[in-house]
Amino acid sequence: MRANSRDRQWRDRAEAVIPGGMYGHQSTRLLPDDYPQFFARAKGARLWDADGQELLDFMCAYGPNLMGYGDAEIDAAYIEQLRHGDTLTGPTPLMVELAERFVALVSHADWAMFCKNGGDATQMAVMIARAHTRRKTLVMARGAYHGANPWCQTRTAGVTPGDKAHQILCDYNDVASLEAAVAQAGDDLAAVFAAPLKHDAFIDQALPDPAYARRARELCDATGAVLVVDDVRAGLRVARDCSWSKVGVAPDLSSWGKCIANGHPISALLGSDKVRKAASSVYATGSFWFQAAPMAAALATLHRVRHSDYLEHIEALGARLREGLDARATAAGFKLKQSGPSTMPLFLFEDDPDIRLGFAWCSQMLARGVYLHPWHNMFLCAAMTTADIDETLDAAEGAFEAVRHDPSATTPNARLAFLVA
Ligand SMILES: Cc1ncc(COP(=O)(O)O)c(C=O)c1O
C-alpha cells in the first residue's frame, strides 16, 4: 500500500469511526499489504479502487456480480421500479411474480420466501426445519460457511456455547462420517444442512460426491429430517437449478442470495410442499425484506439466467483460464492447485501452507491489474470476455516470473501464520 495513497487516507479516517477500520469478509486484514480496502466504482468485469487503479475483478463482490457490474437491463428494471416505489407498507405484485419465476426455475421448489442477506435465508431454513420436525439437531459439514449469525460462525467473540448447541459436525463427502453424525443425533435430527460443494476458505475446494449427496437424502427420508442445500454462494454458477440437481439430489429447502439480483439486495429461501406448512408457521421478517426494486432486478436477472448462455459462457472462460494457468504455472516451474467449479475457481500453490507464495503471486497479479484472492474461491461473471482471460494469462506469465525474484515468496507470511501454528 502506497504511504500517501487515497486508500491509506481512507483507512486512517476509517480507523477513527469504524471499529477495526473495516470488518467482515470484505476486510483486507488477511490479504497482502498492497490490496486496496476501498473502491470507487465498477463496470462490467472491472473495478476501480479509491486510487483509480483499474482492476479486472475475479471476486465479483464475493459473488453478487453475475452478469457484470452495472448491467444496463437489470439496473434499468431496478431504477424503473424505484420510480414507482420500493419499501412500501406491503409488497408489490413483483413478489408473486418472482416467487413464480423461482419455482419455475428450481426443480425442487414449490414456494419461495424473500429476505435480504444469505444469512437471513440460512437462519430461516434452520427455523423451518426445526418447526417441521419439532426437533433441534443440525448435522453440518465441518468448516462449511453458512453466514455470520451466531449459530454458524466460527469466531468465538460474542458467541455463546448455547448459540451453537444442537449441532453435530461431519466431514464433507465422507459418507461414514455423515452416517455417524446422523446416528449421534438419534431421534432429534432436524436437518442435514449441506453445502452444495466444499468451498471452505484456505483449502482446496471439492465437488460433491454423488454418493454423499444421495446418502444425505436417504438419511433425511429415513429419519423424517429436512435436507437443506445452502446455495447462497454457488447458486446459478453451477446450474440453472439447485446445485445438487447436478448430482440428481433434490433438497427440501435451498437458500439463495448473492447473485440472484446481480448485486441488488435480496436473498431467498426456496422449499418443497413437504415443509410449506412449517414455513408458514415461523415468524420471519425484516423492514427491507419486501423492497420492490431488488425484486425487479431479480426478475430481470432470472430472465437472463433462463434465456441466455451466460452459464456456458462463464464455464468456457473458466476452462480457458484453468488450462492457460496450468500451462503457464508448469512452464514457470510452479505447482498450482486449481480446485472447484471453473466458474468459482480457487488457486493454491503446492507446499505453501502459510500461503506466502500465493500472497506474492496475487500481489504481482494485482500490480498487473488483475484482482485475485489468495485463499478464497473466486467468481467469474458473464461480462468477462476471452480477451479478459487472455489478459489474465499474460499477467500470470509475468507474475510467475516476478515471483522468482520476490523475497516475500520465501519469507514466512506473518499475516497467515495461524494456518501453520
Ligand atoms: C454458502 C454461504 N451461505 C451463507 C452465506 C451468508 O450470506 P450473507 O453474507 O449474504 O449473509 C454465505 C456468504 O458468503 C455463503 O457463502
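Residues numbered from 1 in each chain as written. Predicted model: local features only at pLDDT ≥ 70, side-chain atom pairs only at ≥ 80, totals over all residues. Heavy atoms only, no water.

S.K.: So what exactly am I meant to see when it comes to the domain arrangement of the protein here?
M.R.: Often, the extent of an interface is quoted as the loss of accessible area on bringing the components together. The assigned domain composition of the protein is domain 1 (6–62 + 309–419) and domain 2 (72–307). Domain 1 and domain 2 are separated by 28 Å when their C-alpha centres are compared. Each partner contributes residues to the interface: domain 1 has 28 residues there, and domain 2 has 19 residues. When domain 1 packs against domain 2, close to 1,900 Å² is buried across both sides, 55% of that on carbon and sulfur atoms. Among the residues of domain 1 in contact with domain 2, Tyr-310, Met-344 and Trp-375 are the three that bury the most area, contributing 26% of the side total. At the boundary of domain 1 and domain 2, one finds 2 salt bridges. One salt bridge connects Glu-312 with Arg-240, and the closest N-O pair in it is separated by 2.8 Å. (Domains from an automatic or database assignment. Contact = heavy atoms within 4.5 Å. Buried area = accessible area lost by both parts, 1.4 Å probe. Salt bridge = Lys/Arg side-chain N within 4 Å of Asp/Glu carboxyl O.)

S.K.: In this structure, what is going on with the sheet that holds strand β9 (residues 253–256)? I would like to understand it.
M.R.: Strand pairing in a sheet is mediated by backbone hydrogen bonds. Such pairs are either parallel or antiparallel. Spatially, the 7 strands line up as an open sheet ordered β4-β10-β9-β8-β7-β5-β6, and their pairing is mixed. Where the open sheet ends on each side, the last strands, each with one partner, are β4 (111–115) and β6 (167–170). When the angles between neighbouring strand axes are averaged without regard to direction, this sheet yields 20°. Two strands pair when backbone bridges link them, and strand β5 (residues 137–141) and strand β7 (residues 189–194) are joined in this way by 4 bridges, in the parallel orientation. Looking at the pairing, Leu-138 lines up with Ala-191 of β7. Lying over the sheet, helix α3 (residues 94–105) contacts β4 and β10 (267–271), oriented at roughly 125° with respect to β4. Relative to the sheet, helix α5 (residues 175–185) contacts β5, β6 and β7, its axis offset from that of β6 by approximately 165°. (Pairing = 2+ DSSP bridges. Helix = DSSP H or I, 4+ residues; strand = E, 2+ residues; numbered from the N terminus. Axes fitted to C-alpha atoms, helices over the stretch in contact; angles between N-to-C directions.)

S.K.: Looking at this model, I keep getting lost on the layout of surface pockets. Mind explaining?
M.R.: The gaps left among the atoms become clear once a water-sized probe is rolled over them. Within this model, the largest pocket holds a volume of roughly 1,600 Å³. Taken together, 48 residues line the largest pocket, and the ones lying closest to its centre are Gly-24, His-25, Tyr-145, Gly-147 and Ala-148. By residue number, the principal contributor to the lining of the largest pocket is helix α4 (residues 118–133), which donates 3 residues. Residue composition of the lining of the largest pocket, by class: 20 nonpolar, 21 polar and 7 charged. (1 Å grid on protein atoms, 1.4 Å probe; cavity = no way out; pocket = protein on both sides within 12 Å on 5 of 7 lines; lining within 4 Å. Points joined across faces, edges and corners; volume = space filled by probe spheres on them. Nonpolar A, V, L, I, M, F, W, Y, C, P; charged D, E, K, R; others polar.)

S.K.: Looking at this structure, I do not really get the packing of aromatic side chains. What am I missing?
M.R.: By convention here, two paired aromatic rings are described through the distance between centres and the angle between planes. Inspection of every chain in the model, using the stated rule, returns 14 aromatic pairs. The interplanar angle of 80° and the centroid separation of 5.9 Å between the aromatic rings of Phe-334 and Phe-349 together place this pair among those described as edge-to-face. In this pair, Phe-334 sits in the loop between α9 (310–331) and β11 (336–339) while Phe-349 sits in strand β12 (residues 346–349), placing the two residues 15 residues apart along the sequence. For Phe-334, a relative accessible area of 14% corresponds to the buried category. With a centroid separation of 5.0 Å and an interplanar angle of 15°, the aromatic rings of Trp-361 and Phe-400 are classed as stacked. (Phe/Tyr/Trp six-rings, centres within 6.5 Å; stacked < 30°, edge-to-face > 60°. Buried < 20%, exposed > 50% of the residue type's maximum accessible area, 1.4 Å probe, protein only.)

S.K.: Honestly, the sheet that holds strand β13 (residues 370–371) in this entry has me stumped. Any pointers?
M.R.: Pairing is mixed across the open sheet formed by 4 strands, whose spatial order is β1-β2-β3-β13. Of all the strands in the sheet, just β1 (39–43) and β13 have a single pairing partner and so form its edges. Here 2 bridges tie strand β3 (residues 54–57) to β13, and the two strands are oriented parallel to one another. Bridge pairing links Leu-56 to Val-370 in β13.

S.K.: Help me understand the environment of Ala-382 in this model?
M.R.: On the secondary structure map, Ala-382 appears in the loop between β13 and α11 (386–404). Once the C-alpha coordinates of Ala-382 and Asp-171 are considered, the two residues, 211 residues apart in sequence, prove to be 33 Å apart. The residues contacting Ala-382, other than those within four sequence positions of it, are Leu-66, Met-67, Tyr-310, His-313 and Ile-314.

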